[in-house]
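# Structural description and commentary
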Amino acid sequence: MSIVLLMLCTALASSGLTLGLAWLAWRRWLEPRLDARLLELQDEFEKRVKSGVLAAGEELLPAFREQVSAGFRDVLKLPEAADLVQGGAKVVTRSADLLEQGLGAIFGLKPTKR
């Protein structure tokens, strides 16, 4: 019985010591190296993504500008374009008047007559 108990204690002590040494090696040597390598890879990845996005933007921007310009030209050629501009101006004027009235009511200002 005592031999079995001695073997069991030895096995537990050996396992505990192995686990402790593995944890110490991880914390002292492996983890800092892996963290540094991860930061290097992150920087490299960010540079690659940024260069790819910039290249795609430079490639697509002229076509996008051309399409937007063509769209504006098409809209301005329509006879309804003048009505749209006037309607938009009326909406902006009404919104500004409502905002002025609301702020006047909050701060107790007298409304201005136009």
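Now for the overall build of the protein chain. The secondary structure content of the protein chain amounts to two helices and zero strands. What you see for the protein chain is a C-alpha radius of gyration of 37 Å, clearly larger than the 13 Å of a compact globule of 114 residues, by over 25%. Counting only C-alpha atoms, the protein chain reaches 105 × 50 × 25 Å along its principal axes. Scored against the burial criterion, the 114 residues of the protein chain give a buried share of 2%. Summing over all exposed atoms, the protein chain offers an accessible surface of approximately 10,800 Å²; the carbon and sulfur share of this is 68%. Taken together, the 15 basic and 14 acidic charged side chains of the protein chain have centroids lying 6 Å from each other.

It is worth spelling out the pattern of salt bridges at this point. Opposite charge on two side chains permits pairing when their charged atoms draw close. Tallied over the full model, the rule gives three salt bridges. A salt bridge links Glu31 to Arg27; the nearest nitrogen and oxygen atoms lie 3.0 Å apart. In this pair, Glu31 and Arg27 are both assigned in helix 1 (residues 2-77), four residues apart and thus about one turn of the helix distant. A relative accessible area of 22% means that Glu31 is categorised as partly exposed.

Moving on: the environment of Pro32. In this fold, Pro32 is placed in helix 1. A sequence separation of 73 residues divides Pro32 from Ala105, and the C-alpha atoms of the two residues are 63 Å apart. Contact partners of Pro32, with chain neighbours within four places excluded, come to Trp26 and Arg27.

Procedures and definitions
- Residues numbered from 1 in each chain as written.
- Predicted model: local features only at pLDDT ≥ 70, side-chain atom pairs only at ≥ 80, totals over all residues.
- Heavy atoms only, no water.
- Helix = DSSP H or I, 4+ residues; strand = E, 2+ residues; numbered from the N terminus.
- Rg over C-alpha atoms; globule rule 2.2 N^0.38 Å.
- Buried < 20%, exposed > 50% of the residue type's maximum accessible area, 1.4 Å probe, protein only.
- Areas by Shrake-Rupley, 256 points an atom, 1.4 Å probe, with all protein chains shown as cover.
- Lys, Arg positive; Asp, Glu negative; His and termini not counted.
- Charge placed at Lys NZ, Arg CZ, Asp CG, Glu CD.
- Salt bridge = Lys/Arg side-chain N within 4 Å of Asp/Glu carboxyl O.
- Contact = heavy atoms within 4.5 Å.

As far as function goes, none of this settles anything; it's purely spatial.
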